[in-house]
Amino acid sequence: MTSSFRNATSQQLAQALQQARETTLSLFDCFAAAGMDAAARVPQLRTINPPLWELGHTAWFAEWFILREATSSHPADANGHCLLTKGDDWFDATRVPHRSRWTLDLPSAGGVKTYCYEVLDRVQDKLTREPNTDEALYPYRLALAYEDMRGEALLFTLQTLGLAAPVYAAAQEQQIFAPSEIGFPGGTIQMGSKSGAGFVFDNERQAHSFHVAPFRMDSTLVTNTQYADFVTDGGYDQRQFWSNAGADWLMRQERSAPRYWQRDGAQWRTTRFGRPSTLAGAEPVRHVNLYEAQAYCAWAGRRLPTEAEWEYAALSGHPAFRWGQLWEWTGSPFEPYPDFKADRYLEYSEPWFHTHQVLRGASFATPSRFGSAKFRHFQLPERDDLFAGFRTCAWPG
């Protein structure tokens, strides 16, 4: 397994930053092949960004924190000017509302790519002069993590728009594991990550002791076959399985099965990156949101794990506990840990506390260097465009 970006050396970072940029550009080329390199030809959806804006923004982020040595994401906290005359006006997400990203007078795709290459070249050059310390390498690790996250966002945007993905992503097959249940004895664990141990996201601090009661958890994710039983049993029509928020969402969507599912006689079919296929029953169900996961659990007499239980299980070393195929919804709202303090990227966590839900793990689209049992992913409960699934826990007793 690739070593974590959190402790990457200068040399490892140089290689990873190069690879991440190549991935970003290859994903952008998928949109360009479909004629969506210009924002005006991209559907204006709340869950995506125009790919050309996304490409420029990712390079701008690295320039802001590395080349311009910004001490925070506040517009006044960077040195010098952007390499692009209007770069801050175009690509600073704190200044550019989401809805306006479709109408900016951005450079051509070729111009934005040139900017991406120039930023990377300067970043690589500067990196050669940095000492191998956590403080010096922090902005490089931050920029790498951010590009990896934006790359996954570009990949699920391809899925959302029904476009072909690069071969490495489209050909990903989910591993199949025999389902079972694991009993964990519980105990006190250290939640979060300690400062001084490489890169740490602000929402993982401060590390603190947390007692986890004994619990029983699925060793694997809920499968398409298991979820289809819920659908066939009329799960989407029975109000008692849905929370109030879930019922409101369901009424607005008029959904009777997960996103991308289509009934074909006795079979279910789906669409992956624009290509229809028969739904593989043993694969983990994906593209379900929190409300759907909760409703399935209520139907099955189960519950979602808390993020503490998930972290306990992931760090237990139990050989049957498998994770990393899909992001996993937990039963925990996204809340700050004790003594939380925002880091340089001020908008990363704090604006989303109490409105978003925690997901744990990783997905097939997540670079292996990014995966961590400590990482707290977070999204709005209604998001079903993510590469996300879930596993269940038994109720106590």
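Once a new chain begins, its residue numbering starts again from 1 and follows that chain's sequence as written. Confidence filtering applies because this is a predicted model: local features only for residues at pLDDT of at least 70, side-chain atom pairs given and counted only at 80 or more, and all residues used for totals across whole chains, interfaces and linings. As a rule here, side-chain values cover all heavy atoms of the structure and leave hydrogens and water aside.

### Describing the pattern of salt bridges
Whenever a carboxyl oxygen of Asp or Glu lies within 4 Å of a side-chain nitrogen of Lys or Arg, that contact is scored as a salt bridge. Following the criterion strictly, the structure yields 31 salt bridges and no others. Two residues, Glu118 and Arg122, come together in a salt bridge whose shortest N-O distance is 2.6 Å. In this pair, Glu118 and Arg122 both sit in helix α4 (residues 109-127), four residues apart, roughly one turn of the helix. With relative accessibility at 32%, the residue Glu118 sits in the partly exposed group. Between Asp384 and Arg259 there is a salt bridge, with its nearest N and O atoms 2.8 Å apart. Here Arg259 lies in the loop between α8 (244-253) and β5 (262-264) and Asp384 lies in the loop between β10 (377-379) and β11 (388-389), a separation of 125 residues in the sequence. The exposure class of Arg259 is partly exposed, given its relative accessible area of 23%. The helix count covers DSSP runs of H or I at least four residues long, the strand count covers runs of E at least two residues long, and both are numbered beginning at the N terminus. Any residue under 20% of the maximum accessible area for its type is buried, any over 50% is exposed, and the rest in between are partly exposed; the area is computed with a 1.4 Å probe on protein chains only.

### Focus on the sheet that holds strand β9 (residues 357-361)
One open sheet holds the four strands; their spatial order is β10-β9-β8-β11, and the pairing between them is mixed. Where the open sheet ends on each side, the last strands, each with one partner, are β10 and β11. A pair of strands is treated as paired once DSSP finds two or more bridges between them. When strand β8 (residues 327-333) meets β11, the two strands line up parallel, connected through two bridges. In the sheet register, Trp327 faces β11, and the bridge partner there is Ala388.

### Side note on the side chain of Ser193
Among the secondary structure elements, Ser193 is positioned in the loop between β2 (187-191) and β3 (208-212). A distance of 2.9 Å separates polar atoms of two side chains, one belonging to Ser193 and the other to Glu204. Note on definitions: a residue-residue contact is assigned when non-hydrogen atoms from the two residues lie within 4.5 Å. Each residue touching Ser193, except ones within four places of it in the same chain, is listed here: Arg6, Val200, Glu204, Arg205, Ala207 and Lys374. Pairs of N or O atoms within 3.5 Å make up the polar contacts considered here, provided that, within protein, one atom can donate a hydrogen while the other can accept it, and that residues adjacent in sequence are counted only when both atoms are side-chain atoms.

### Description of the side chain of Arg205
Tracing the chain through its elements places Arg205 in the loop between β2 and β3. Arg205 gets classed as buried once you look at its relative accessible area, which sits at 13%. Of the polar contacts made by the side chain of Arg205, one reaches the backbone oxygen of Val200; its length is 3.4 Å. Within the structure, the side chain of Arg205 is placed 3.0 Å from the side chain of Asp343, a separation counted as a polar contact. What Arg205 contacts, discounting residues up to four positions off in sequence, is Ser193, Ser195, Val200, Tyr337, Pro338, Phe340, Lys341 and Asp343.

### A word on unusual backbone geometry
Between Arg205 and Gln206 the backbone carries a cis peptide bond, its omega angle lying at 0 degrees. Mapped onto the secondary structure, Gln206 falls in the loop between β2 and β3. The phi dihedral of Tyr260 is positive, around 80 degrees, even though this residue is not glycine. The backbone of His287 sits at a positive phi, close to 60 degrees, despite the residue not being glycine. Residue placement: His287 occurs in the loop between β7 (275-278) and α9 (290-300).

### Observations regarding the nonpolar core
We define the nonpolar core as a collection of buried residues of types Ala, Val, Leu, Ile, Met, Phe, Trp, Tyr and Cys that are connected through side-chain atoms lying within 4.5 Å of one another. Formed by 105 residues in total, the largest nonpolar core has its most connected members in Tyr227, Trp242 and Phe390. For this core, the element with the highest residue contribution is helix α5 (residues 134-161), accounting for 14 residues. With sequence-adjacent residues up to four places away left out, Phe390 is seen in contact with Leu221, Val222, Tyr227, Val285, Val288, Ala293, Tyr296, Cys297, Leu304 and Trp329. Of all hydrophobic cores here, the second largest spans 16 residues; its members include Met191, Ala308, Phe321 and Ala373.

### Observations concerning the packing of aromatic side chains
What characterises a pair of aromatic rings is the spacing of the ring centres plus the angle enclosed by the ring planes. The rule is short: rings of Phe, Tyr and Trp, with Trp giving its six-membered ring, pair when the centres are within 6.5 Å, and they are stacked under 30 degrees, edge-to-face over 60, tilted in between. Applying the stated criterion across every chain yields a total of 45 aromatic pairs. On the basis of an interplanar angle of 65 degrees and a centroid distance of 6.1 Å, the ring pair of Trp90 and Phe91 is categorised as edge-to-face. A relative accessible area of 10% means that Trp90 is categorised as buried. Look at Phe91 and you get buried, because its relative accessible area is 0%.

### As for α4
Helix length check: α4 (19 residues) gives 27 Å between terminal C-alpha atoms against 27 Å at 1.5 Å per residue, within 8%. Among all positions of α4, only Ala109, Val112, Tyr115, Cys116, Val119, Leu120, Val123, Gln124, Lys126 and Leu127 are buried. When α4 is viewed along its axis, its buried side chains cluster within an angular range of 160 degrees and face the same direction. Facing away from the buried side of α4 by more than 90 degrees, the exposed set consists of Thr114 and Asp121. Buried residues along α4 sit in contact with α1 (10-33), α2 (51-67), α3 (87-91) and α5. By definition here, a helix of n residues has an expected span of 1.5 Å times n minus one. Relevant arc is that of directions from the helix axis to the C-beta atoms, nothing else.

### What about the pairing of strand β1 (residues 181-184)?
Side chains of β1 alternate between two faces, with Ile182 and Phe184 buried and Glu181 and Gly183 left unburied. One ladder, built from four bridges, connects β1 with strand β4 (residues 215-218); its direction is antiparallel. What sits directly across from Ile182, in β4, is Met217.

### Focus: the packing of α2 against α5
Axes here mean lines fitted to C-alpha atoms, for a helix over just the part in contact, with angles spanning 0 to 180 degrees between N-to-C directions. Running from amino to carboxyl end, α2 crosses α5 at an angle of 170 degrees, the nearest separation of the two axes being 9 Å. Comparing the axis directions of α2 and α5 gives the class roughly antiparallel. Between α2 and α5, the contacting residues are Pro51, Glu54, His57, Thr58, Phe61, Ala62, Phe65 and Ile66 on the first element and Pro139, Tyr140, Leu142, Ala143, Tyr146, Glu147, Arg150 and Leu154 on the second. Of the residues that constitute the contact of α2 with α5, the class distribution is 11 nonpolar, two polar and three charged. We call two directions roughly parallel when the angle between them is under 35 degrees, roughly antiparallel when it is over 145, roughly perpendicular when it lies between 65 and 115, and oblique otherwise. Charged residues are taken to be Asp, Glu, Lys and Arg, nonpolar residues to be Ala, Val, Leu, Ile, Met, Phe, Trp, Tyr, Cys and Pro, and polar residues to be all remaining types, Gly included.

### Some details on the environment of Asn7
Residue placement: Asn7 occurs in the segment before α1. Sequence-wise, Asn7 and Phe199 are 192 residues apart; in three dimensions their C-alpha atoms are separated by 6.6 Å.

### Comments concerning the sheet that holds β7
Strand order across the open sheet formed by three strands is β5-β6-β7, with antiparallel pairing between neighbours. The sheet is open, and its two edges are formed by β5 and β7, each paired on a single side. The average undirected angle you get between the axes of adjacent strands in this sheet is 40 degrees.

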